[in-house]
Structure formats: structure tokens, C-alpha cells
Amino acid sequence: MALVSVRDYEKRAHEIIPRNALDYYRSGAGDELSLHLNRTGFDRLRIRPRMLQGGSTRDLSCTVFGQRFSMPIAISPTAMQRMAHPDGEVANAKAAATRQVLFTLSTISTSSIEQVAEATPNAPKWFQLYIYRDRQLTEELVRRAERAGFRAIVLTVDAPLFGLRRADMRNKFSLPPHLSMANFVGKAASIRSQGGSGINEYIAEQLDPTLSWDDVKWLLGFTKLPVIVKGILTREDAIIAADLGVQGIFVSNHGARQLDSVPASIEALPEIVAAVGGRVEIFLDGGITQGTDVFKALAFGARMVFFGRPALWGLAVNGQAGVEHVLDILRNELDLTMALAGCKTLADITKEYVVHENHYSKL
């Protein structure tokens, strides 16, 4: 079967990835209500296309923090990618570089900061950061990212503890023994089950559960890189973050892997854009599987849209080439959506182009 959509890659990847890793990648928290909402949130939105707008080509390029990208689609941080393919994060980063899009490296990666930097020396990359109990260790991660040429720090703020991930509990999830936590060789414990989910046990032992806004101030105080807070779902928290001086906000529910019953990222996006969209850059991840999803998020005010799982599916199926193809699919779908909706540039994609399905039930 030809692979022509992200869904096709997802189905194929599910046949390839070992169960321990697959359940880790694909599962959500609790009963997975929010995981379902991440998808249906987009499904409940309708595009209002405009006809006869003229123009035969579209410009999908965008600029973020002074850097120009080929399209407003980027790769989110996802952990332990070498469980999906031997080349892991390096292949994913290389794919992003060839398509001139942004790649974000996870703290909990199976390829190190330096390995990814060496493989993609001139490509823009961001580094996702967890706050460890050991602040010196945390600061050193940031310094390593700075030295390696990463362009921003993405601070995950929704994970002082990891969510209730039942699949990992059932599987007694552990990182396969031939892999390691590449950023912590000789420093932090690896991920091995002590009877439950190894990842939850690791996080409970290593990360600081007292994470607070003071930690955001601390990070802003010593790094010169732009700081983006990831995991914001309310206008109240968005305002606090903007007032502290962060440069970006990631509207995200952590792939629906933290607290179940929270809104889909796309549902939370409008209130955050309304609250602080003029002050900081707004990004979104969660539930992106096709170009129409990207269009809807842009219409609601996101500057750039990120995805994590689709890149893992591409990686599992065909390494770097698989991720490149997934990016090509999403680009082509966004381009076609813009053409059929009557938008020639990203600036043309405004909130008038997308409404909730209830709009039509009121007519």
C-alpha cells in the first residue's frame, strides 16, 4: 500500500515498533479522553473557503525569532526516539534540516545534544528542558545546548510528575538495555522498571515536583537564548508567563499524556492568543495529522504548529527518508488547503476562515 498520509504512516509504524515502545509513544493519560479530544477538536472546526481569490502559487514561509523557515510546521520534542529507529533523533533532525523546518530535541533523548548538533551543524534547533532536582545538572544542560548552537530553550512546565499512563504501567516500561539516556551518561539514572512504569519512576526520582514560576525566572536569568514555556492551557498562566518575559508559549497538553480531561490544544488556543498573542509568539502542538489541521491552528493565531508522533511514525517506517516524506505530505496538504480556501500567504489565514461546527447549527 502506498503511504500517502500521516495515518498511513501511523498504521505501518504500529506494525513495526515493538509493543513496549509503541504503547509508550501512542498512549495518553487516564482513560485517554484528552487524547481523543486532540483529534476531535480539529474535526469540530469548519473551514470557510473564499472563491476566486486569484494567484497560482502560495508562499508557506515564515519567520520566528528572526529565523526563516520553509513552512509553519515543525517537529516537537519526543523522548527516546532510537526505540523507533536506530538513528533516532539524529535522523529526525537531519530530515528537518533538509526540509528547512525546526527540530526540537528532548532532554530525555537517546542521541545527545552534541550528536544532534554535529549531524546538523547549520540547521536551527531548539532544546526542550526539564527542571531536575539537581539545578547544577539542569543549568549544564542549558549551557551544553548553548555551546552546541541550539537557538531556544523550550521549558516543559506541565510535568512536575508524569501522568497516569496505564499502558506503561501494564508493560512495566523500560528503556531497552542497548539504549541509554544520551544526555546523562554517568550522571542520571537510566529508565528501568522497578515494578511499575520505568519512565514514571525515573521522573519521580529525578525531576523537581516543586516546579514553580520562580524556576522560569531562574532560567530567564542565566540564559541568553529565547525561553518558551511549553504546556500552557489557560489565559491566566499565559499572562503570568508573558509578564515574566518569556519569548514564546507552547499551547500544549503534552500529547494528552499528563492530566486527562484537559482540553485539546486547539480548544485552548483562542483564549491564549486573545490574552497574550500580541506580546509573545504562540505555538501549538497536539493532534496534528493533516494540512487542514495546520490551517485551522494558524487561523486561530498560532505562529507555528508542531507535531511529535507523526515524525516517530515516519522514522519507524523509513528513517530519515520517512520523516522527510511525512513533512512533504503535510506541506503539500497545507499548500492545497490554502489554494482551495483562497489564501496565498500565511498572513491571509485569519480567524474568519475557521469556525466551530456550532456556527452552522445556529443558522
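Residues numbered from 1 in each chain as written. Predicted model: local features only at pLDDT ≥ 70, side-chain atom pairs only at ≥ 80, totals over all residues. Heavy atoms only, no water.

- Named according to an unreviewed UniProt entry, the protein chain is (S)-2-hydroxy-acid oxidase originating from Anopheles melas.
- Per UniProt, the protein chain carries the Sequence similarities (unreviewed entry) text "Belongs to the FMN-dependent alpha-hydroxy acid dehydrogenase family."
- Quoted verbatim from the Cofactor (unreviewed entry) field of the UniProt record, the comment on the protein chain reads "FMN". (UniProt positions renumbered as here; feature names shortened; annotations may be inferred.)

## Digging into the nonpolar core
Okay, so step 1: Within the largest apolar cluster, 122 residues are counted, with the highest numbers of intra-cluster contacts made by Met80, Ile108 and Ile249.
Okay, so step 2: Sorting elements by how many residues they give to this core places helix α13 (residues 309-341) first, with 14 residues.
Okay, so step 3: Ignoring sequence-local partners within four residues, the contact set of isoleucine 108 consists of Ala79, Met80, Tyr130, Tyr132, Met181, Ile191, Ile199 and Ile203. (Core = buried A, V, L, I, M, F, W, Y, C linked by side-chain atoms within 4.5 Å. Buried < 20%, exposed > 50% of the residue type's maximum accessible area, 1.4 Å probe, protein only. Helix = DSSP H or I, 4+ residues; strand = E, 2+ residues; numbered from the N terminus. Contact = heavy atoms within 4.5 Å.)

## Comments concerning the environment of glycine 322
Okay, so step 1: When you line up the elements, glycine 322 lands in helix α13.
Okay, so step 2: You can call glycine 322 buried: its relative accessible area is 0%.
Okay, so step 3: Between the alpha carbons of glycine 322 and leucine 3 there is a distance of 9.8 Å; along the sequence they are 319 residues apart.

## Notes on helix α11 (residues 265-276)
Okay, so step 1: Helix length check: α11 (12 residues) gives 16 Å between terminal C-alpha atoms against 16 Å at 1.5 Å per residue, within 8%.
Okay, so step 2: For α11, the set of buried residues is Ser265, Ile266, Ala268, Leu269, Ile272 and Val276. Looking straight down α11, one finds its buried side chains confined to an arc of 140 degrees; they lie on one side. (Expected span 1.5 Å × (residues − 1). Arc of directions from axis to C-beta.)

## Looking at the UniProt feature "binding site: glyoxylate" (unreviewed entry) in the protein chain
Okay, so step 1: Residues annotated in UniProt with the feature "binding site: glyoxylate" (unreviewed entry) correspond here to Tyr24, Arg165, His254 and Arg257. Across 234 residues in sequence, these annotated residues keep their C-alpha atoms within 13.1 Å of one another, forming a single compact spot. Filtering the just-named annotated residues for those lining the largest pocket gives Tyr24, Arg165, His254 and Arg257.
Okay, so step 2: With respect to the element layout, tyrosine 24 can be found in helix α2 (residues 19-26).
Okay, so step 3: Overall, tyrosine 24 belongs to the buried group, its relative accessible area being 6%.
Okay, so step 4: Once you skip the residues sitting within four places of it in the chain, tyrosine 24 turns out to touch Ala79, Met80, Met83, Arg165, Asp168, Phe173, Ile199 and Arg257.
Okay, so step 5: The topology assignment puts histidine 254 in the loop between β9 (248-251) and α11.
Okay, so step 6: Given a relative accessible area of 11%, histidine 254 falls into the buried group.
Okay, so step 7: Beyond its immediate stretch of four places on either side in the chain, histidine 254 contacts Tyr130, Thr156, Asp158, Ala159, Arg165 and Lys230.
Okay, so step 8: There is a polar contact of 2.9 Å between the side chain of histidine 254 and the side chain of aspartate 158. (1 Å grid on protein atoms, 1.4 Å probe; cavity = no way out; pocket = protein on both sides within 12 Å on 5 of 7 lines; lining within 4 Å. Polar contact = N/O pair within 3.5 Å; in protein donor to acceptor, adjacent residues only side chain to side chain.)

## A short note on the packing of helix α9 (residues 213-222) against helix α10 (residues 235-244)
Okay, so step 1: In the contact formed by α9 and α10, the axes pass within 10 Å of each other and the chain directions differ by 30 degrees. Comparing their axes, α10 and α9 come out roughly parallel. The way α9 lies across α10 gives a crossing that is right-handed. Seen from α9, the contacting residues are Trp213, Val216, Lys217 and Leu220; seen from α10, they are Asp237, Ile240, Ala241 and Leu244.
Okay, so step 2: Split by residue class, the contact of α9 with α10 holds 6 nonpolar, no polar and 2 charged. (Axes fitted to C-alpha atoms, helices over the stretch in contact; angles between N-to-C directions. Parallel < 35°, antiparallel > 145°, perpendicular 65-115°, else oblique. Left-handed = near helix turned anticlockwise from the far one by under 90°. Nonpolar A, V, L, I, M, F, W, Y, C, P; charged D, E, K, R; others polar.)

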